[in-house]
Amino acid sequence: MDLRFYATLFLRRLHWFILIVILCSALGITLARMLPTVYSAEARLVVESEQIPDELAASTVRTQATEQLQIIQQRILTRDILIEMANRLGIYAARTADGRRPLSAEEIVEDLRQRISIRTVGSSPAQRRSDVQATIVTVGFTAPSSDLAAAVTNEIVTLILREDVAMRTGVARQTLDFFVQEVARLDRELAQKAAVILEFTERNMTALPDSLDFRRTQQAAAQERLLQIERTDAELRDRRARMVRLHEAAAGANETVPASQRTPEQAQLQTLRNELSGALAVLSPENPRVRLLTSQIAALERVVEGQVTGAAVGEDGQRLSAFEVQLADLDGQLGFLDQQRAQIQAEIDAVTASIAATPSNAVSLETLERDYAATRQQYNAAVQNKAKAETGDMIEALSKGQRISVIEQAIAPREPTSPNRPLIAAGGVGGGLFLGLALVALLEAFKAGIRRPVDLSNGLGITPFATLPYLRTKGEVLRRTLTIWGGVVLVLLVIAAGLWVIHVRYMPLDLLLEQTLQRFY
């Protein structure tokens, strides 16, 4: 390699190299100076498990730690909370004091969401070895000042703790309220079902399945009484018929009594009967004498009958014979038996109807009792769940359940997190050197021509005896030097003037740089 030749080429393009190096270095140093200082503060939280074993008393809040943290993160990053926090802590007060354009509400929310970081990590190695699973939460915030970064980070931690307590107590309270309402609803439903069962039982008191055996026994007893009444009725009727026959026989026997044993009335009665028989032989029944004899005979018959059988007085005041008294007594017994028969028959019909209605009533009652039992079971379960909910609510109210606690509060950092100004400046200088060398190499690579004697031999295939370089006069060298460096200086002045105009007329360069970075990040 002909190092001297390449060094000569480099010196010819030195102005381009210096221009690129100056521009890149200026850009790097400007960025290092103009980029806003960013401080990042962090706080560490831990999700602690329940302090009371589940075997003794369990909390009703069953949200997993990861899910709970995600819910909390979404709640504290809402628009209203972020804007209220920005106004209360004056996060963008310095921007307004510097005369820069105030951000809109949407821009504030978007900026804060980008600057707030909430990261969840698993348990540490020591905790894993001890079989204790813990969730570590790291909360961070970036701000132009260290105090603001620490203040906002601690405020976010406060919001997380407050939201955690509010969410867990709120869930426990809602669970308790639900079961309180459920117990009250089921209690009312039980009362309604009990009233329906009571009303059904009272309405069908004589046709319920629990009294079916008694009613069957009652039916059999009534049927037995009915049979006994039938037998008694038959006996009384037979007795009455015999009495009537005996009475008729006794009446015929009175006519054949001997004259020596007759009473005067009986003798007179027999005489009147004989006269009536003789009168009827020659006279008609309508004859007055026949009528008179008939009435006399009837009167004597009553007297004779009274003498023979005794006499009694009926309800109408008329005298009754012993036969008529006995016959009236039998008729009264028969009437009483008829009444008893009708009453027992009605009782049998009622019992039979109740027995026939018992199966349907049993099904209906069983349905009502089954519904009542199911509701009762739900009520008992709701009462048990209510007791558990009350215990869970007390656990959350006393902060004895799963909770988020602070391990390390955020403190104001001593050193900014970004930017790394020396690194940016060094990167600008290094990038300028690299780009300058690359530009020189590209310019020489795309420029054709004969530069050295070896190029003459390689290009034309000849071997020259000698070569003479191009010799410039001092005036040409001076003009060329002034032209090159004047152009370099002019380019730098134009760039500087353009940046000054942009900074003064359009927008401050730091703000322009900040907006440009926001578009990319």
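Note that this is a predicted model, so its numbers are computed, not measured.

Q: Is there a simple way to explain the overall build of the chain in this structure?
A: Of the regular secondary structure elements, the chain holds 16 helices and 6 strands. When the 521 residues of the chain are sorted by exposure, 28% land in the buried category. In the chain, of all internal contacts separated by at least 6 residues, the share reaching a separation of at least 24 is 78%. A total accessible area of about 33600 Å² is found for the chain, and carbon and sulfur atoms account for 59% of it.

Q: When you look at the side chain of Asp233 in this model, what are you seeing that I'm missing?
A: Its location among the elements puts Asp233 in helix α9 (residues 212-253). Apart from the residues within four sequence positions on either side, Asp233 is in contact with Leu334, Leu337, Asp338 and Arg341.

Q: What's the story with the packing of aromatic side chains in this structure? I'm lost.
A: What the rule picks out here adds up to 1 aromatic pair. Summarising the aromatic geometry, the rings of Phe178 and Phe179 are spaced 5.2 Å apart at their centres and angled 75° between planes, so their arrangement reads as edge-to-face. For Phe179, a relative accessible area of 17% translates into the label buried.

Q: Sorry if this is basic, but what is going on with empty space enclosed by the protein here?
A: Rolled over the atoms, a probe as big as a water molecule pinpoints where empty space is left. Tallying each qualifying case throughout the model produces 1 cavity of 30 Å³ or more. Along its surface, the largest cavity is lined by Leu69, Ile72, Gln73, Ile76, Ile118, Val137 and Ile160. Counted by class, the lining of the largest cavity contains 6 nonpolar, 1 polar and no charged residues.

Q: I'm lost on the packing of helix α4 (residues 79-89) against helix α6 (residues 105-115) in this one. Help?
A: In a packed pair of helices, the relevant descriptors are the angle between the two axes and the axis-to-axis distance. One way to put it is that α4 packs onto α6 with a least axis distance of 10 Å and a crossing angle of 90°. In terms of orientation, α4 and α6 fall into the roughly perpendicular class. Mapping the contact onto sequence places Arg79, Leu82, Ile83 and Ala86 in α4 and Ala105, Glu106, Ile108, Val109, Leu112 and Arg113 in α6. Looking at the contact of α4 with α6, its residues break down into 7 nonpolar, no polar and 3 charged.

Q: I tried to follow the sheet that holds strand β2 (residues 116-121) on my own but got confused; where do I start?
A: Whether parallel or antiparallel, the strands of a sheet pair through hydrogen bonds between backbone atoms. One open sheet accounts for 4 strands, arranged β2-β3-β1-β6; its pairing is antiparallel. Both edges of this open sheet fall to β2 and β6 (403-408), since each of them pairs with a single strand only. Between one strand and the next, the sheet's axes are offset by a mean angle of 25°, whatever the strand orientation. The sheet contact formed by β2 and strand β3 (residues 135-143) spans 6 bridges and is antiparallel. Bridge pairing links Ser117 to Gly140 in β3.

Q: Explanation requested: the nonpolar core in the structure shown.
A: One broad trend across soluble globular proteins is that nonpolar side chains are buried collectively. With 37 residues, the main nonpolar core has Ile76, Ile91, Leu112, Ile116, Phe141, Ile156 and Ile160 as its most contacted residues. Contributions of two or more residues to this core are made by β1 (39-48), α3 (65-76), α4, α6, β2, β3 and α8 (146-203). Grouped together as the second largest cluster of nonpolar side chains are 10 residues, Ile229, Leu236, Met243 and Leu337 included.

Q: I tried to follow the packing of α4 against α8 on my own but got confused; where do I start?
A: Running from N to C, α4 and α8 point in directions that differ by 140°, and their axes come no closer than 12 Å. With respect to each other, α4 and α8 are oriented oblique. Classified by chirality, the crossing of α8 by α4 is right-handed. Taken together, the residues of α8 that come into contact with α4 (itself represented by Ile81, Met85, Arg88 and Leu89) are Leu148, Ala151, Val152, Glu155, Ile156 and Leu159. Partitioned by chemical class, the residues of the contact of α4 with α8 number 8 nonpolar, no polar and 2 charged.

Q: Any chance you could explain the pattern of salt bridges here in plain terms?
A: Two side chains of opposite charge can pair, provided their charged atoms sit close to one another. According to the stated counting rule, one finds 14 salt bridges in the structure shown. A salt bridge links Arg185 to Glu182; the shortest N-O distance between them is 2.5 Å. Here Arg185 and its partner Glu182 are both found in helix α8, 3 residues apart, which amounts to about one turn of the helix. One connected set of salt bridges, linked through shared partners, spans Glu230, Asp233, Arg237, Asp338 and Arg341.

Q: What am I meant to see in α6 here?
A: Counting along an α-helix, one turn takes 3.6 residues, and residues three or four places apart therefore face a common direction. Among all positions of α6, only Ile108, Val109, Asp111, Leu112 and Arg115 are buried. Buried positions in α6, seen along its axis, are confined to an arc of 165° and lie on one side of it.

Q: What should I look at first to understand the environment of Phe141 in this one?
A: Among the structural elements, Phe141 can be located in strand β3. Under the relative-accessibility criterion, Phe141 is labelled buried at 0%. Linking Phe141 and Arg113, residues 28 residues apart in sequence, is a C-alpha distance of 9.6 Å. Excluding its chain neighbours within four sequence positions, the residues that come into contact with Phe141 are Tyr39, Ser40, Ala41, Ile91, Leu112, Arg115, Ile116, Ala149, Val152, Thr153 and Ile156.

Q: How should I be thinking about the confidence of the model for the chain in this particular structure?
A: As a general rule, the predicted coordinates of low-pLDDT regions are not to be interpreted in detail. Residue-level pLDDT values for the chain average 77, and 74% of them are 70 or greater. Overall, residues 124-132 carries pLDDT values under 50, and its contacts beyond four positions in sequence, including any with other chains, amount to 4 contacts.

Q: Quick question: what am I supposed to make of the side chain of Ser211 here?
A: Among the secondary structure elements, Ser211 is positioned in the loop between α8 and α9. Given a relative accessible area of 18%, Ser211 falls into the buried group.

Q: Help me out: how do you make sense of the environment of Leu112 in this one?
A: Tracing the backbone through its elements, the reader meets Leu112 in helix α6. Sequence-distant contacts of Leu112, defined by excluding residues within four places in its chain, comprise Leu82, Ala86, Ile91, Tyr92 and Phe141.

Q: Would you mind going over α8 with me for this structure?
A: Relative to the 86 Å expected for 58 residues at 1.5 Å per residue, α8 spans 85 Å between its end C-alpha atoms, a close match to the ideal helical length. Of the residues that open α8, the one with a side-chain oxygen 3.3 Å from the backbone nitrogen of Leu148 is Ser145.

Q: Help me understand the environment of Leu433, please; the structure alone is not making it clear to me.
A: Here Leu433 is to be found in helix α13 (residues 421-445). In the structure, Leu433 is positioned 413 residues away from Ile20 in sequence and 7.5 Å away in space, judged by C-alpha atoms.

Reading the values: the criteria
- Residues numbered from 1 in each chain as written.
- Predicted model: local features only at pLDDT ≥ 70, side-chain atom pairs only at ≥ 80, totals over all residues.
- Heavy atoms only, no water.
- Helix = DSSP H or I, 4+ residues; strand = E, 2+ residues; numbered from the N terminus.
- Buried < 20%, exposed > 50% of the residue type's maximum accessible area, 1.4 Å probe, protein only.
- Contact = heavy atoms within 4.5 Å.
- Areas by Shrake-Rupley, 256 points an atom, 1.4 Å probe, with all protein chains shown as cover.
- Phe/Tyr/Trp six-rings, centres within 6.5 Å; stacked < 30°, edge-to-face > 60°.
- 1 Å grid on protein atoms, 1.4 Å probe; cavity = no way out; pocket = protein on both sides within 12 Å on 5 of 7 lines; lining within 4 Å.
- Points joined across faces, edges and corners; volume = space filled by probe spheres on them.
- Nonpolar A, V, L, I, M, F, W, Y, C, P; charged D, E, K, R; others polar.
- Axes fitted to C-alpha atoms, helices over the stretch in contact; angles between N-to-C directions.
- Parallel < 35°, antiparallel > 145°, perpendicular 65-115°, else oblique.
- Pairing = 2+ DSSP bridges.
- Core = buried A, V, L, I, M, F, W, Y, C linked by side-chain atoms within 4.5 Å.
- Left-handed = near helix turned anticlockwise from the far one by under 90°.
- Salt bridge = Lys/Arg side-chain N within 4 Å of Asp/Glu carboxyl O.
- Arc of directions from axis to C-beta.
- pLDDT = per-residue confidence, 0-100.
- Expected span 1.5 Å × (residues − 1).
- Polar contact = N/O pair within 3.5 Å; in protein donor to acceptor, adjacent residues only side chain to side chain.

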